[in-house]
Amino acid sequence: MNGLAGLQGARIALAFSGGLDTSVIASWLQEEFGAEIVTVSGDLGQEKELKGITEKAYQLGAKAAYHVDLKKQFAEDFVFHALKAGALYEGVYPLATALGRPLLAKALVEIARKEECTVVAHGCTGKGNDQVRFDAGVWALAPDLRVIAPVRHWPFKSREDEIAYCAERGIPVSATKASPYSIDENLWGTSIECGVLEDPTVAPPEDAYQRTVSPEQAPNTPEEIAITFKHGIPVALNEEAIGAVDLITMLNHLAGAHGIGRLDMIENRLVGIKSREIYEAPGATLLHFAHSELERITLDKWTAHAKAKLSQDYAELVYNGLWFSPLRTAFDAFVDETQTRVNGIVVVKLYKGTMSVRSRQSPNSLYDKALASYTAEDTFDHSAGEGFSKIFSLPLRTLARTVPAVAEHELV
Ligand code: ARG
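The rules we used
Residues numbered from 1 in each chain as written. Predicted model: local features only at pLDDT ≥ 70, side-chain atom pairs only at ≥ 80, totals over all residues. Heavy atoms only, no water. Phe/Tyr/Trp six-rings, centres within 6.5 Å; stacked < 30°, edge-to-face > 60°. Buried < 20%, exposed > 50% of the residue type's maximum accessible area, 1.4 Å probe, protein only. Lys NZ or Arg CZ within 6 Å of the ring centre and 35° of its normal. Salt bridge = Lys/Arg side-chain N within 4 Å of Asp/Glu carboxyl O. Helix = DSSP H or I, 4+ residues; strand = E, 2+ residues; numbered from the N terminus. Near = heavy atom within 4 Å. Polar contact = N/O pair within 3.5 Å; in protein donor to acceptor, adjacent residues only side chain to side chain. Areas by Shrake-Rupley, 256 points an atom, 1.4 Å probe, with all protein chains shown as cover. Nonpolar A, V, L, I, M, F, W, Y, C, P; charged D, E, K, R; others polar. Axes fitted to C-alpha atoms, helices over the stretch in contact; angles between N-to-C directions. Parallel < 35°, antiparallel > 145°, perpendicular 65-115°, else oblique. Left-handed = near helix turned anticlockwise from the far one by under 90°. Contact = heavy atoms within 4.5 Å. Pairing = 2+ DSSP bridges.

Asks: Even after reading the chapter, I still don't get the packing of aromatic side chains, so can you show me in this structure?
Replies: The geometry of two aromatic rings is summed up by the distance between their centres and the angle between their planes. According to the stated counting rule, one finds 11 aromatic pairs in the structure shown. Ring centres of Trp154 and Phe156 lie 4.8 Å apart, and the angle between their planes is 90 degrees; on these two criteria the pair is classed as edge-to-face. Residue Trp154 is classed as buried on the basis of its relative accessible area, which comes to 4%. Note on Phe156: relative accessible area 15%, which makes it buried. Put simply, the rings of Trp28, Phe33, Trp154, Phe156 and Tyr165 touch in pairs and so form one group of aromatic residues. The ring of Tyr165 has Arg169 lying over it, and the distance from NZ or CZ to the ring centre is 3.7 Å.

Okay, structure coming up:
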């Protein structure tokens, strides 16, 4: 617990978004400690332009500035693992921000090594989940690196303080001061909090939403789309093969235009706070829905039920920043074994904020019409039902035949 002590002259790799906090950090660490700054900006598919971000870093005095394209890696090695696992935190949040952090931590470590930095820095506060995800992510890969989060220790008390600091030094903040919300965005979804959203009795105003239309504004005509999965991974849209990044981008637009994927959630943070967050995850919501519909027809009952419990643990692990852990790889091994059967096509209808399944088909389908049918085709052995049902209900019959439970004062 040494805060920022002993940073003098350190070479620091800083996770840099170009926003207010990380711009102030870049400048302040140089001014305060004579530090050398190397910025690392990761493209995780956020729609907001990252163009010009390295120029901005150099303007702030960075010694080196990296802008790395992490989209493909994010989609294939992080997002699709979570999709296969059915990972939704507290049953709702598809974990866009939580999945992005470990990958940014990995990029930070790689560049810190290359640039011979001994310290890495991020812009997280001391009360959120993201600080833990960065810290745990970096330390799981590079236990010798020092990780600092200046916002946890510095003197600025508000955005206004930071804006004043920038104004004094001619640091441009134009792009960051407009929105009353704190927004984190990537390919898998957008997380929106602060401002009026901090009051859970108030419905989110329309201007909080960045990438979806309201269901009321969505088209009056429904749209049907077909998603093909291979081993649990979506590989084609309307029967045309498509790569991970393009598919998710396209589905964000398609489903977002139908008002799908808006989530309003009170969640339990790792640090114990309950917080209210608005999420927009049109592509993620649609893909989780289609994937789970395919699992309904391809997974046997016991595997499906066991996997549902694991989904919850998987989501919690990701939320808590334990991506680079042996538990996650063990979970993935289980999930991948289940996904060998998850092949086929699901057709989903999108209409005014709702999704409904139109059809599901799979070469590995376990649905047996001859067993399920109530027609003459039926092959199920009805007479075996008598013995099955009799044995199944044995505990209840046994209970009913014994003396009923009595209140304590009636006991002798
Ligand atoms: N609550 C989400 C999480 O813990 C998002 C955190 C970042 N949110 C934001 N609006 N900047 O993953």
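Asks: Help me out: how do you make sense of the pattern of salt bridges in this one?
Replies: Close approach of charged atoms lets side chains of opposite charge pair. Across all of its chains, the model carries 24 salt bridges by this definition. Glu76 serves as the salt-bridge partner of Lys72, at 3.3 Å between the closest nitrogen and oxygen. Of this pair, Lys72 and Glu76 both sit in helix 3 (residues 71–85), four residues apart, which is roughly one turn of the helix. The exposure class of Glu76 is partly exposed, given its relative accessible area of 34%. Of the charged contacts, one joins Arg296 and Glu293 as a salt bridge, the two residues approaching to 3.7 Å between their closest N and O atoms. With Arg296 and Glu293 both in helix 8 (residues 282–298) and three residues apart, the pair spans about one turn of that helix.

Asks: Looking at this structure, I do not really get the site of the ligand. What am I missing?
Replies: Neighbouring the ligand are 15 residues, the closest being Tyr93, Asn129, Arg133, Glu267 and Glu277. Take Arg133: an N or O atom from its side chain is 2.8 Å from an oxygen atom of the ligand. Separating a nitrogen atom of the ligand from a backbone N or O atom of Ser191 is a distance of 3.2 Å. When the ligand sits alone it has 350 Å² of accessible area, and the protein chains cover 92% of it. Per element, the largest residue contribution to the shell around the ligand is three residues, and it comes from strand 7 (residues 189–193). A breakdown of the residues in the shell around the ligand according to their chemical character gives five nonpolar, four polar and six charged.

Asks: Looking at this model, I keep getting lost on the packing of helix 3 against helix 4 (residues 96–114). Mind explaining?
Replies: Between two packed helices, what matters for the description is the angle formed by their axes and the separation of those axes. Interhelical geometry of helix 3 versus helix 4 gives an angle of 135 degrees and a closest axis separation of 10 Å. Classified by the angle their axes make, helix 3 and helix 4 are oblique. For the pair helix 3 and helix 4, the crossing hand works out as right-handed. Residues Gln73, Phe74, Phe78, Val79 and Ala82 of helix 3 form the contact with helix 4, whose participating residues are Ala96, Leu99, Gly100, Pro102, Leu103 and Lys106. Tallied by class, residues from the contact of helix 3 with helix 4 come to eight nonpolar, two polar and one charged.

Asks: Which parts of the structure should I look at to understand the pairing of strand 7?
Replies: Residues in a regular strand point their side chains to alternate faces of the sheet. Summarising burial for strand 7: five of the five residues are buried, a large majority. Burial along strand 7 is two-sided: the face carrying Gly189, Ser191 and Glu193 and the face carrying Thr190 and Ile192 are both buried. Alignment of strand 6 (residues 182–186) against strand 7, held across five bridges, turns out to be antiparallel. In the strand pairing of strand 7, Asn186 is matched with Gly189. Adjacent in sequence and paired antiparallel, strand 6 and strand 7 are bridged by two residues. Strand direction decides the pairing type here: strand 7 and strand 12 (residues 274–280), joined by three bridges, are antiparallel. Bridging from a neighbouring strand, Ile192 pairs with Ile278 of strand 12.

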